[in-house]
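# Structure assessment
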Amino acid sequence: MGWLVAFSLKVLGSAWDVSWHFKWLRDDLAPPHLLNSVGTAIVVALTIIHGYTGYGVDKTALRLIQWGTGIFLVAVPLDLINHRINGLDITSWSPSHILLYVGTFFMIAGVIRGWFVGGGGKLVLGVFFVFFLENVHFPEQHQEYGILSLKAWDNGVSYAEPILQQFAADQMGSAINRQMMVNFTLPVPDWLYPAYAVVAGMAVLAVARMMIGRFGAATLIAGAYVGFRTLIWPLLTYTDFPPSAVPFFLVVGALCVDVAFLLGHPVVRGVVGSVLVTAGVYAALGAQSAVLGQVYGTLNGLDDLLGAPPLMTASAVYAGGGLMALWLLSEWFVTRFDLRSKDQPIEARVMATATP
């Protein structure tokens, strides 16, 4: 329960944080940072309790939690120093930010392992994987907010306060113009968003499906995350914070992951599943982009909810290859370290019933 509360505060704070930074000049004591800090304090307390008592973890889970918490705590002051030296951190993909995600990655991985080896229920395991997916997908929100902020600029509306625009322009040595807004809202290559979503996001869902062992697990996890993003969308938008595109395409990719697990052989599943998932994600992302293009002139409407960052379809080949490598590695990993669900697959039950 402690970890669920801590991760919930982290998700709420981080969801607000990205929108906040697209509107206001950065502040160390901004409300989203304070909300995250409460979650971090709970995490530190839980890490100490696990280390002292050994309760709820094995050695591997404890080390993952300790290393993850340690990396996160080191990353916080490094990020503050980075902002003191460099002013605005234009992208969520910066080294100091990535270190925060890496720390959280190991932290949640340790909690998932502790819960799994302790025989915890699949429902809570699925919830932990929702938090895991949120952390992995978090840097992608820069493009999800950025594309709509740029669209608003093109339509004569600015979500960012003048002081933030001027600060960003001064840092770039530029006037406040469209090129400056492009550099601020979409500072990374167009191929990164879809490729990362396929390689990292879908790999998380594939591992979740292996460990939970139930058809539909990946779809439910992605659906829960997308549902959360959909629910907070009006809360942020109607309180005058910038909106973001919602990654509905993740649900399509997750469904493809579940379908791929109908294949029994791990290698065949990894190869065929990677192709199927990559095609599904890029097709769904293309559909979202098409919706944005069709209703481009409407502001703060359905187009904002369904829009998507720029899509570079040529990156699909590399994204699919990366996912295939990671999927096959994950199949080996969960088997080697006994992390695969003990639930007997339905095809095995049928064979056992039919065979004398």
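Quick caveat, the model's predicted, so the values are computed rather than measured. All residue numbers here refer to positions counted from 1 along the written sequence of the relevant chain. Where local features are concerned, this predicted model is filtered to residues with pLDDT of at least 70; where side-chain atom pairs are given and counted, the filter is 80 or more; whole-chain, interface and lining totals use all residues. Hydrogens and waters are ignored; side-chain quantities use all the structure's heavy atoms.

### Observations regarding the packing of aromatic side chains
We count it as follows: Two aromatic rings from Phe, Tyr or Trp, using only the six-membered ring of Trp, form a pair when their centres are within 6.5 Å; if the ring planes differ by under 30 degrees the pair is stacked, by over 60 it is edge-to-face, and anything between is tilted. Think of it this way: any DSSP run of H or I at least four residues long counts as a helix, any run of E at least two long counts as a strand, and we number them from the N terminus. Each residue is placed in one exposure class: buried if its accessible area under a 1.4 Å probe, protein chains only, is under 20% of its type's maximum, exposed if it is over 50%, and partly exposed if it falls in between.
Tallied over the entire structure, the rule returns 14 aromatic pairs. Here Tyr-193 and Phe-249 contribute two aromatic rings whose centre-to-centre distance is 5.9 Å and whose plane-to-plane angle is 65°, an arrangement assigned as edge-to-face. With Tyr-193 in helix 9 (residues 192–212) and Phe-249 in helix 11 (residues 249–260), this pair connects stretches of sequence that are 56 residues apart. Per residue, the accessibility class of Tyr-193 equals that of Phe-249, and both read buried. Following the ring pairs from residue to residue traces out a cluster consisting of Trp-3, Phe-7, Trp-115, Phe-128 and Phe-131.

### A word on the pattern of salt bridges
The cut-off we apply is this: Between Lys or Arg on one side and Asp or Glu on the other, a salt bridge is scored when a side-chain nitrogen of the former is within 4 Å of a carboxyl oxygen of the latter.
Within the structure shown, the criterion is met by eight salt bridges. A salt bridge links Glu-134 to Lys-10; its shortest N-O distance comes to 2.7 Å. Residue Glu-134 is found in helix 5 (residues 122–137), and its partner Lys-10 is found in helix 1 (residues 2–21); the two are separated by 124 residues along the sequence. Of the two residues, Glu-134 and Lys-10, both sit in the buried class. A salt bridge links Arg-178 to Asp-154, with the shortest nitrogen-to-oxygen separation between them at 2.8 Å. On the criterion of sequence distance, the pair formed by Arg-178 in helix 8 (residues 178–185) and Asp-154 in helix 6 (residues 141–154) is long-range, its members being 24 residues apart. Taking the relative accessible area as the measure of exposure, Arg-178 reaches 41% and is therefore partly exposed. One salt-bridge network, in which partners are shared between bridges, spans Arg-269, Glu-331 and Arg-340.

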